[in-house]
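Geometric and topological summary
The residues making up each chain are set out below.
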2 protein chains.
Amino acid sequence: MSKHVKEMGILKEHLGKHQLKFTRQRELILDAFLKQEHITAEEMYHQLARKDPHLGLATIYRTLNLFCEAGLAQARHFGTQTQYDNVSHKGHHDHLICTGCGKIVEFENCDIERLQEEVATRNGFTIQTHRLELYGLCSRCRH
Amino acid sequence: MSKHVKEMGILKEHLGKHQLKFTRQRELILDAFLKQEHITAEEMYHQLARKDPHLGLATIYRTLNLFCEAGLAQARHFGTQTQYDNVSHKGHHDHLICTGCGKIVEFENCDIERLQEEVATRNGFTIQTHRLELYGLCSRCRH
DNA sequence: CTTGAAATTGATAAACCGTATCAAAAAGAA
DNA sequence: TTCTTTTTGATACGGTTTATCAATTTCAAG
Ligand SMILES: [Mn+2]
Ligand SMILES: [Mn+2]
Ligand SMILES: [Zn+2]
Ligand SMILES: [Zn+2]
């Protein structure tokens, strides 16, 4: 029995609304994905090669993109690759990214979130989601 | 006579310190770059094709990367391409994006910017650039 | 439990972006 | 001008992601 009942439900709801099918591969990839904070398609390909050596890389890409459409993942470009962030893992958070070594620090700041709401309201918008990434050098890379 | 005396000076200083040469191409690309807030190598390639049809794409990439090293530009991954931001350009802003109609509203919020700096400092980071995008529905699309 | 239309998969070709290569050209100090 | 070093432009290349397509799987209908 899967531990990720809630997210599996979100996926199934999305599949139902779009005439998509629930497959062994999608279940396998979701289970693996939800154990991560963020991962690349290539990393997941190698991780899952043990469980299912015939799982194709294209399927990994397709499925991770599907998760984005279902709201379970968020794609983020860093360096030459795409990171797929697990939205449900730790609740919402934003990222500090070191341009020197690639280190990623997660943070949450209620004041910023509140100001974002203010900006949106002032412009007549209702926020559904947002993305805040701060790029710079970590203490180690600055020296 | 160029309007970008200050930035041309910064470039020449960098060139001098690194045994690099001042070329017609570097001057041409800097002039075009400073007129933009941000641009991709490909966009610049097509823009400059009129002025110099023989200017190579590799030269654009090399030169924009050189500008980054000289502190005149900052590379930022956006979608699948690299955006080169003009750091000397005033009027930094972030974006509100309507997921209904695609409308984009630009905004600037000093309080958010200040809080970003605080978050970075608290984590030992020095910010080079950042990206804040708020996705939601505009007043028209909400109804 | 079948059946069959529609969706999915896996292998791999292709597209795409940015970098490396290298011979010819240009820069710039002497 | 001369001569060494750097730069350029054309293009090959490498890594990442998407497109293609025949074979397989899903799942709703019978
Ligand atoms: Mn946030
Ligand atoms: Mn900003
Ligand atoms: Zn670092
Ligand atoms: Zn709208």
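Structural data are supplied above this passage.
The paragraphs below set out a description of the structure included in this document. (Residues numbered from 1 in each chain as written. Chains lettered and ligands numbered in written order. Predicted model: local features only at pLDDT ≥ 70, side-chain atom pairs only at ≥ 80, totals over all residues. Heavy atoms only, no water.)

The next thing to look at is the sheet that holds strand 2 (residues 73-78) of chain B. Residue and element names in this part refer to chain B. A sheet is described by the order of its strands in space; here three strands give the open sequence 1-3-2, paired in antiparallel fashion. At either margin of the open sheet sits one strand with a lone partner, and together these are strand 1 (38-40) and strand 2. Between one strand and the next, the sheet's axes are offset by a mean angle of 35 degrees, whatever the strand orientation. As defined by bridge partners, strand 1 adjoins strand 3 (residues 81-86) across three bridges and the pair is classed as antiparallel. In the strand pairing of strand 3, Thr40 is matched with Gln83. Along the sheet, helix 2 (residues 24-34) contacts strand 1, strand 2 and strand 3; its crossing angle with strand 3, the most-contacted strand, is approximately 80 degrees. Helix 4 (residues 57-69) contacts strand 2 and strand 3 of the sheet and is inclined by roughly 115 degrees relative to strand 2. (Pairing = 2+ DSSP bridges. Helix = DSSP H or I, 4+ residues; strand = E, 2+ residues; numbered from the N terminus. Axes fitted to C-alpha atoms, helices over the stretch in contact; angles between N-to-C directions. Contact = heavy atoms within 4.5 Å.)

We now examine helix 5 (residues 110-122) of chain B. Over its 13 residues, helix 5 of chain B extends 18 Å from the first C-alpha to the last, a length consistent with the 18 Å expected when each residue adds 1.5 Å. By the burial criterion, the buried members of helix 5 of chain B are Ile112, Leu115, Gln116, Val119 and Ala120 of chain B. Here the buried residues of helix 5 of chain B occupy an arc of 140 degrees about the axis, which is enough to place them on one side. Helix 5 of chain B presents Cys110, Thr121 and Arg122 of chain B as exposed residues on the side facing more than 90 degrees away from its buried surface. Contacts made by the buried residues of helix 5 of chain B are with strand 4 (94-98), strand 5 (104-107), helix 5 (110-122) and strand 6 (126-137) of chain A together with strand 6 (126-137) of chain B. (Expected span 1.5 Å × (residues − 1). Buried < 20%, exposed > 50% of the residue type's maximum accessible area, 1.4 Å probe, protein only. Arc of directions from axis to C-beta.)

Let us now look at the nonpolar core. The tendency in soluble globular proteins is for nonpolar side chains to be buried side by side. Leu96, Phe125 and Leu134 of chain A together with Leu96, Phe125 and Leu134 of chain B are the most contacted members of the largest nonpolar core, which totals 26 residues. Among the secondary structure elements, those contributing two or more residues to this core are strand 4, strand 5, helix 5 and strand 6 of chain A together with strand 4 (94-98), strand 5 (104-107), helix 5 and strand 6 of chain B. Once residues within four sequence positions are removed from consideration, Phe125 of chain A is found in contact with Ala120 of chain A together with Leu96, Ile97, Cys98, Lys103, Val105, Gly136, Leu137, Cys138 and Arg142 of chain B. (Core = buried A, V, L, I, M, F, W, Y, C linked by side-chain atoms within 4.5 Å.)

Residue and element names in this part refer to chain A. The side-chain alternation of strand 5 yields one buried face, formed by Val105 and Phe107, and one unburied face, formed by Ile104 and Glu106. Bridge count for strand 4 against strand 5 is four bridges, and the pairing is antiparallel. Bridged to Ile97 within strand 5 is Ile104. Two successive antiparallel strands, strand 4 and strand 5, enclose a turn made up of five residues, where Gly102 displays a positive phi of approximately 85 degrees.

With that settled, consider the protein's contact with DNA strand C. If you check the shell around DNA strand C, you find 21 residues, and the closest are Arg26, Thr59 and Arg62 of chain A together with Tyr61 and Thr82 of chain B. The set of elements that each furnish at least two residues to the surface near DNA strand C consists of helix 2 (24-34) and helix 4 (57-70) of chain A together with helix 4 and strand 3 of chain B. For the surface near DNA strand C, the element with the highest residue contribution is helix 4 of chain B, accounting for four residues. When grouped by side-chain class, the residues that make up the surface near DNA strand C number six nonpolar, ten polar and five charged. (Near = heavy atom within 4 Å. Nonpolar A, V, L, I, M, F, W, Y, C, P; charged D, E, K, R; others polar.)

All names here are of chain A. Locating Asp94 in the fold gives a position in strand 4. Among buried Asp, Glu, Lys and Arg side chains, Asp94 stands out as unpaired, with Arg131 the closest opposite charge at 8.5 Å. Within the local environment of Asp94, its side chain forms a polar contact with the side chain of His130, the two groups lying 3.5 Å apart. Filtering out sequence-adjacent residues up to four positions away, Asp94 remains in contact with Val105, Glu106, Phe107, Glu113, His130 and Leu132. (Lys, Arg positive; Asp, Glu negative; His and termini not counted. Salt bridge = Lys/Arg side-chain N within 4 Å of Asp/Glu carboxyl O. Polar contact = N/O pair within 3.5 Å; in protein donor to acceptor, adjacent residues only side chain to side chain.)

Quick look at the protein's contact with DNA strand D now. Taken together, 21 residues lie around DNA strand D, and Lys21, Tyr61 and Thr82 of chain A together with Lys21 and Arg26 of chain B are the ones closest in. Looking at DNA strand D alone, sugar and phosphate atoms form 76% of those within 4 Å of the protein. Within the contact set of DNA strand D, a phosphate oxygen lies 2.8 Å away from a backbone nitrogen or oxygen of Phe22 of chain A. Ranked by residues supplied to the surface near DNA strand D, first place goes to helix 4 of chain A with four residues. Its residues assigned to classes, the surface near DNA strand D shows six nonpolar, ten polar and five charged.

So, on to the sheet that holds strand 5 of chain B. Pairing within the open sheet is mixed, and its six strands lie in the order 5(A)-4(A)-6(A)-6(B)-4(B)-5(B). Of all the strands in the sheet, the pair left with one neighbour each is strand 5 of chain A together with strand 5 of chain B. Across the sheet, the mean angle separating the axes of adjacent strands is 20 degrees when strand polarity is ignored. Lying on the sheet, helix 5 of chain A is in contact with strand 4 and strand 6 of chain A together with strand 4, strand 5 and strand 6 of chain B; it crosses strand 6 of chain A at an angle near 130 degrees. The strands touched by helix 5 of chain B are strand 4, strand 5 and strand 6 of chain A together with strand 4 and strand 6 of chain B; relative to strand 6 of chain B, the strand with the most contacts, the crossing angle is about 130 degrees.

So yeah, pure geometry; function would need other evidence.
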